[in-house]
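Each chain, letter by letter, is given below.
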Amino acid sequence: MKLSVRVIEARNLRAMDLNGFSDPYVRLQLGKQRTRTKVVKKNLNPQWGEEFGFRVEDLKEELLVSVLDEDKYFNDDFVGQLKVPVSLVFDSENKSLGPAWYPLLPKNKKSKNKDCGEILLTIYFSQNNSFLDLNYNDDHGSNSPSRSFNGPSNSTSPVRSEEIASSKEEKPYAQKSLAGRIAQIFNKHSDTASSSSTSTRFIDLSEAPEIAGPEVYENKSDDQSFSDTFEEVMTTMESRDQGSEVPSNLPGGVFLDQLYQIAPPDLNCLLFSPDSSFYKSLADLQGTTELQLGSWKFENGGEILKRVVTYIKAAGKLVKAVKATEEQTYLKADGKVFSVLASVSTPDVMYGSTFKVELLYCITPGPELPSGEQSSHLVVSWRMNFLQSTMMKGMIENGARQGIKDSFDQYGSLLSQNVKPVDSKELGSNKEQVLASLQAELQSDWKLAVRYFANFMVVSTIFMGLYVLVHIWLATPSKIQGLEFVGLDLPDSIGEFIVCGVLVLQGERLLRLISRFMQARVQKGSGDHGIKAQGDGWLLTVALIEGINLAAVDSSGSSDPYVVFTCNGKTRTSSIKFQKSDPQWNEIFEFDAMSEPPSVLDVEVYDFDGPFDEATSLGHAEINFLKTNISDLADVWVPLQGKLAQTWQSKIHLRIFLNNTRGGNVVKEYLSKMEKEVGKKINVRSPQTNSTFQKLFVLPPEEFLINDFTCHLKRKMPLQGRLFLSPRIIGFHTNLFGHKTKFFFLWEDIEDIQVVPPTLSSMGSPIIVMTLRPGRGMDARHGAKTQDEEGRLKFHFQSFVSFNVAHRTIMALWKARSLSPEQKVQIVEEESETKILQTEESGSFLGLDDVSMSEVYSSVLSVPTSFLMELFGGGELDRRVMEKAGCLNYSYTPWESEKGDSYERQIYYRFDKHISRYRGEVTSSQQRSPLSDKNGWLIEEVMTLHGIPLGDYFNLHLRYQIEDLPSKSKGCNVQVFLGIAWLKSTKHQKRITKNILKNLQDRLKEIFCEVEREFAER
């Protein structure tokens, strides 16, 4: 006889950990049979939704249900327990208890914490057991409970039964023999005929020892089979879907990951419909016999859809033919995404009672094909669920993995014969077609006018204006009175004053709306759209389609959004869409070819308000290429993060393509480059090794292993494992005594790497300390030793077998993924040497005479001219003042003679965040020459801004005129002139000019005040 226990959820559990939460799981025991649920992390109201089966040999036994809190380093903490006599379940109506809430009790009555929470259970005897089934189980059954997966119960309408105090003393209870109990099954109708009232629907627990009265959930619809078609059942599931997330892949690995040219509902019907011939064809191919496909049944009041499939698996090389039972449960079916969990039990094999194999089938929509047809993405993952601990765990898992792999090779081959697979190369060729189809939506002026002016405010304003005009036409002029005079007619009453105010406000709003309409009509966009990528390697193409529900930050109820994409230090900026909350871009951005595949693409949406002003972030997102299948990014809606974005539920629509144009020699070329940095030969790993590495950390196929080292991870205690290095990640994995620790983070996440000298605690080995950037690598925080106040994680690795090789390899890979500021300065200097702007003999420096210059700053400084010129001399004063003024990584070339008394130099620096929100870069050329009367100096400068919106639309021209004051021996007069050379046309020159002028004036004041302070301190 089989007793089934469904552990659904718990509520109001005690907090056992210092963080105010618990990591609860449920342990069940019936006689010598034990099992447990999964652990729910940091939750006092956990949901398990798991079902277990126990073989009952004696109705005098009690089911012990214990809730415990998992603890990694110490014994698990006890939360609460309850005991349910098996005979109580057997005597109940329909041999079933629940669903019902049971109070959890402490181990003894003297415990101070008597409120341990409640647990929702369903306990019942399987109704399909016969006397022959019991005999078979006695001879061939296992001592271990079976296990299946169920969703949590959402039953409602609780009815409270009588609550009886528990007692440890066993009360007299009439026990019947097993044969009598079985006989009662066949005579239950006569026994229960007298129980017709609804009150007998529930169980009286007053005689049950060690259990308090449960809060019972009335379940009006019992588990049922149906005669509906499979399509109707899927429609029912779709209507009940509550928008749950797609289950993630099981941790055992992926056996099948393929795109098919078929719609997701059709693929789901092919694989799981009872009328499909796919299972029968697969059975014939694999030699499976006695295949029986059970009908799909709704259970738990229609919340769960499951079926049972039984078959005899064909004999293999090492295993004889074995009977298998596969319980399939729908976890999600919303019409587009389908997820089925299959739990396979094979109790007849050796150690078969200790484990179950779980397979997860996930069908999701794939990208649209060039032909316009739909595609589906099928992923099959697995895990081994051990119900009991065994020393043969590793051998069982490896044997099962190989057998399932061979089976799914045949599965995939047969499926490819029925449905055409989609080649990823075909999707790549679709890139040009997709991008070519992107074009801005064209609207006529009439449509734009209707869109902007068809509202109540405009109609009411026009009506009020006409009304006033008619009144003026009909009315006679009033007499001049009060403070009025000819030509000035003032309101003569409070009512007239209010009406005038309303008319003015309405007129102002109408003018603003007309201005917005004109901007929307003439705006053609600007930015990096259409700039072609250069070079050979990994080409990243991003198509920005549209945005929805962007936050409104302007007083007009909308915003001026634009998007900044950042990848490997390079940025691409979209055009600015003025007065839009649902902007339509249809712009394409290409990043220059990269030698290594990119790790992440940062997306930031801003509201434009000048290049130097503090921009308001409307939301941000990060696209991780290591955690996302690139085919899924061909058409994706990205939800934005941030307070404003989450409040407005903002999203942007992107199409992302990543292609390698260098062919298959990427690995060898990269390793050759790394060998020069490391100074040691690096061997190419085998395809099998790379495949294992990719599956271990769930990485895309283009990621390859460079090297791995045995080391210790230092946390509270050293943990021995292996450190894996690849072009984009550094990962750690260990499996000691069945406890697995696995994590990885990106090279770009590392802010600093230091080597700590050997100590006694590090067993005489140097320690490599990796410090991540604030807020980065949070998925790997369980491997970090410490975390500082700013959110920086620190990882300690020690006890390397070959420390020097490991350290050199780590440093080489880190430098390859993140250039230092000095390297950036060197690159800028090399580029500037090849792009020196020539000076025309007949004109002034760099054509400044062609730019309209205006005075922006003038002051008399109490410092001599010679000291002030040190600001442009390239010495310590120059660097110190500019860095204090917010110029980071300030560097310059020496002054070089160009012509006569004229000298020229190049300057590079980055803006501090308090100067520019975007921390843009500046490359500048300066020319120094004496004034005509030799009484001062003239410094002319051409400044180019990089990395800020519209920075490539203009150059800044500055002229510093420094003259000696005859009246003061220690003073000079400084005049600064500014001119803006517009390289591209834009409608927003006035806004940008005003913003630059204000920022420059503040910066000049700060610079020259700092010079005076430096002079006073000398």
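Computed from a prediction, not measured in an experiment: that's the story for all the values here. (Residues numbered from 1 in each chain as written. Predicted model: local features only at pLDDT ≥ 70, side-chain atom pairs only at ≥ 80, totals over all residues. Heavy atoms only, no water.)

(A) Highlighting the overall build of the protein chain. Summing up its helical and strand segments, the protein chain has 20 helices and 44 strands in all. When burial is assessed residue by residue, the protein chain has 46% of its 1018 residues classed as buried. At a minimum sequence separation of 6, the contacts of the protein chain that also span at least 24 residues come to 64%. Only carbon and sulfur atoms are counted for the fraction: they give 52% of the accessible area of the protein chain, which is about 53,100 Å². (Helix = DSSP H or I, 4+ residues; strand = E, 2+ residues; numbered from the N terminus. Buried < 20%, exposed > 50% of the residue type's maximum accessible area, 1.4 Å probe, protein only. Contact = heavy atoms within 4.5 Å. Areas by Shrake-Rupley, 256 points an atom, 1.4 Å probe, with all protein chains shown as cover.)

(B) Looking closely at the pairing of strand β27 (residues 636-639). Here β27 shows one buried face, formed by Val 636 and Val 638, and one open face, formed by Trp 637 and Pro 639. Of the pairings in the sheet, the one linking β27 to strand β28 (residues 651-660) comprises four bridges and is antiparallel in character. Following the sheet pairing, Val 636 is matched in β28 by Leu 654. (Pairing = 2+ DSSP bridges.)

(C) Broad picture of the side chain of Ser 345. Tracing the backbone through its elements, the reader meets Ser 345 in strand β18 (residues 338-345). Taking relative accessible area as the criterion, Ser 345 reaches 17% and is therefore assigned buried. Setting aside chain neighbours within four positions, we find Ser 345 in contact with Lys 323, Ala 324, Thr 325 and Lys 356.

(D) Main features of the pattern of salt bridges. Going through the model one piece at a time under the given rule, you end up with 27 salt bridges. In this structure, Arg 11 and Glu 118 form a salt bridge, with 2.7 Å as the shortest nitrogen-oxygen distance. With Arg 11 in strand β1 (residues 2-11) and Glu 118 in strand β8 (residues 118-125), this residue pair connects regions lying 107 residues apart in the sequence. Owing to a relative accessible area of 22%, Arg 11 belongs among the partly exposed residues under this scheme. Here Glu 1014 ties to Lys 884 by a salt bridge, and the two come within 3.5 Å at their closest N and O atoms. One end of the pair, Glu 1014, is in helix α20 (residues 989-1017); the other, Lys 884, is in helix α19 (residues 876-884), and 130 residues separate them in sequence. (Salt bridge = Lys/Arg side-chain N within 4 Å of Asp/Glu carboxyl O.)

(E) Broad picture of the sheet that holds strand β5 (residues 62-69). Sheet architecture is open: four strands sit in the order β3-β2-β5-β6, paired in antiparallel fashion. Strands at the two margins of the open sheet, each flanked by one partner only, are β3 (33-36) and β6 (77-85). When strand polarity is set aside, the average angle formed by the axes of neighbouring strands in this sheet is 15 degrees. In the sheet, β5 pairs with β6 via eight bridges, with the strands oriented antiparallel. By the bridge assignment, Leu 63 is partnered in β6 with Val 84. (Axes fitted to C-alpha atoms, helices over the stretch in contact; angles between N-to-C directions.)

(F) Main features of the packing of helix α5 (residues 230-240) against helix α6 (residues 264-272). One can describe the packing of α5 onto α6 by two numbers: an axis separation of 11 Å at closest approach and a directional angle of 125 degrees. As far as their axial angle goes, α6 and α5 are oblique. As α5 runs across α6, the sense of the crossing is right-handed. Side by side, α5 and α6 meet where Phe 230, Glu 231 and Met 234 of the first sit next to Asn 268, Cys 269 and Phe 272 of the second. Here the residues of the contact of α5 with α6 are counted per class, giving four nonpolar, one polar and one charged. (Parallel < 35°, antiparallel > 145°, perpendicular 65-115°, else oblique. Left-handed = near helix turned anticlockwise from the far one by under 90°. Nonpolar A, V, L, I, M, F, W, Y, C, P; charged D, E, K, R; others polar.)

(G) Quick look at the confidence of the model for the protein chain. Counting all residues, the mean pLDDT for the protein chain is 76, and 76% of those residues have values of 70 or more. Of all secondary-structure elements in the protein chain, the lowest mean pLDDT belongs to strand β10 (residues 158-160), at 33, while strand β2 (residues 24-30) reaches the highest, 93. Across residues 149-226, confidence stays below pLDDT 50; counting only partners more than four residues off in sequence or on other chains, it has 157 contacts. Within the model, pLDDT remains below 50 along residues 522-527, and this stretch shows 12 contacts once partners closer than five positions in the same chain are excluded. (pLDDT = per-residue confidence, 0-100.)

(H) Structural context of a nonpolar patch on the surface. A cluster of nonpolar residues, Ile 462, Leu 466, Leu 469 and Ile 472, forms a patch on the protein surface that exposes about 410 Å² of accessible area. Of note, Ile 472 is situated in helix α11 (residues 456-474). (Patch = residues over 30% accessible without salt bridge, like charges linked within 9 Å, V, L, I, M, F, W, Y side chains within 5 Å.)

(I) Structural view of empty space enclosed by the protein. Tallying each qualifying case throughout the model produces four cavities of 30 Å³ or more. Within this model, the largest cavity holds a volume of roughly 160 Å³. In this structure, the largest cavity is lined by 18 residues; those nearest its centre are Met 882, Gln 926, Glu 941, Tyr 960 and Ile 1007. Counting residues per element, the ones that place at least two in the lining of the largest cavity are α19, β40 (902-911), β42 (936-946), β43 (954-964) and α20. At five residues, α20 tops the list of elements feeding residues into the lining of the largest cavity. (1 Å grid on protein atoms, 1.4 Å probe; cavity = no way out; pocket = protein on both sides within 12 Å on 5 of 7 lines; lining within 4 Å. Points joined across faces, edges and corners; volume = space filled by probe spheres on them.)

(J) Main features of the sheet that holds strand β24 (residues 584-594). Read across the open sheet, the four strands follow the order β24-β21-β28-β27; overall the sheet is antiparallel. Looking at the sheet topology across the chains shown, the edges are occupied by β24 and β27. Within this sheet the neighbouring strands show an average axis-to-axis angle of 30 degrees, counted without direction.

(K) Summary view of unusual backbone geometry. If you check the backbone angles, Asn 12 has positive phi at about 55 degrees while not being a glycine. By secondary structure assignment, the location of Asn 12 is in the loop between β1 and β2. The phi dihedral of Val 698 is positive, around 55 degrees, even though this residue is not glycine. Following the sequence through the fold, Val 698 ends up in the loop between α15 (687-697) and β29 (707-714).

(L) Structural context of helix α8 (residues 393-418). Here α8 spans 37 Å end to end across 26 residues, near enough to the 38 Å set by a 1.5 Å rise per residue. Every buried residue of α8 is listed here: Ile 396, Glu 397, Ala 400, Ile 404, Ser 407, Phe 408, Tyr 411, Gly 412, Leu 414 and Leu 415. Tucked into the core, α8 has its buried residues touching β13 (253-260), α6, α7 (278-286), β16 (304-313), β19 (355-365) and β20 (376-386). (Expected span 1.5 Å × (residues − 1).)

(M) Spatial organisation of a positive patch on the surface. Residues Arg 27, Arg 34, Arg 36 and Lys 107 make up a contiguous surface patch of positive charge. Turning to its location among the elements, Arg 27 is positioned in strand β2. (Lys, Arg positive; Asp, Glu negative; His and termini not counted. Charge placed at Lys NZ, Arg CZ, Asp CG, Glu CD.)

(N) Quick look at the environment of Val 801. Mapping Val 801 onto the fold places it in the loop between β36 (793-798) and α16 (803-817). On the basis of relative accessibility, which here comes to 76%, the residue Val 801 falls in the exposed class. Between the alpha carbons of Val 801 and Thr 710 there is a distance of 6.6 Å; along the sequence they are 91 residues apart.

(O) Seen up close, the nonpolar core. Ranked by size, the top nonpolar core spans 51 residues in total, and within it Leu 868 and Phe 1008 carry the most contacts. It is α20 that provides the largest number of residues to this core, a total of seven residues. Those residues in contact with Leu 868 that lie beyond four places of it in its chain are Leu 861, Val 863, Ile 962, Cys 972, Val 974, Phe 1008 and Val 1011. Phe 255, Tyr 260, Leu 282 and Phe 298 belong to the second-largest nonpolar core, a separate cluster that totals 44 residues. (Core = buried A, V, L, I, M, F, W, Y, C linked by side-chain atoms within 4.5 Å.)

(P) Spatial organisation of the packing of aromatic side chains. Across all of its chains, the model carries 32 aromatic pairs by this definition. In this structure an aromatic cluster arises from ring pairing among Phe 255, Phe 272, Phe 278, Trp 296, Tyr 330, Tyr 361, Trp 382, Phe 408 and Tyr 411. The ring centre of Phe 90 lies 5.2 Å from the NZ or CZ of Lys 95, which sits over that ring. Residue placement shows Arg 928 over the ring face of Tyr 903; its charged tip is 5.3 Å from the ring centre. (Phe/Tyr/Trp six-rings, centres within 6.5 Å; stacked < 30°, edge-to-face > 60°. Lys NZ or Arg CZ within 6 Å of the ring centre and 35° of its normal.)

(Q) A look at the environment of Met 464. Mapped onto the secondary structure, Met 464 falls in helix α11. With relative accessibility at 24%, the residue Met 464 sits in the partly exposed group. For the pair Met 464 and Gln 506, spaced 42 residues apart in the sequence, the C-alpha separation amounts to 9.1 Å. With residues up to four places along the chain from it excluded, the contact list for Met 464 reads Val 502, Leu 503 and Gln 506.

(R) Seen up close, α5. Within the span of α5, buried status applies to Phe 230, Val 233, Met 234 and Met 237. Considered in projection along α5, the buried side chains sweep an arc of 100 degrees and stay on one side of the axis. Looking at the buried positions of α5, the neighbouring elements they touch are α6, β15 (297-299), β16, β17 (322-333) and β18. (Arc of directions from axis to C-beta.)

(S) How the structure looks around the side chain of Arg 55. Positionally, Arg 55 belongs in strand β4 (residues 47-55). Exposure remark for Arg 55: the relative accessible area of 11% places this residue in the buried category. Of note is the side chain of Arg 55, whose polar atom sits 2.5 Å from the side chain of Glu 57. (Polar contact = N/O pair within 3.5 Å; in protein donor to acceptor, adjacent residues only side chain to side chain.)

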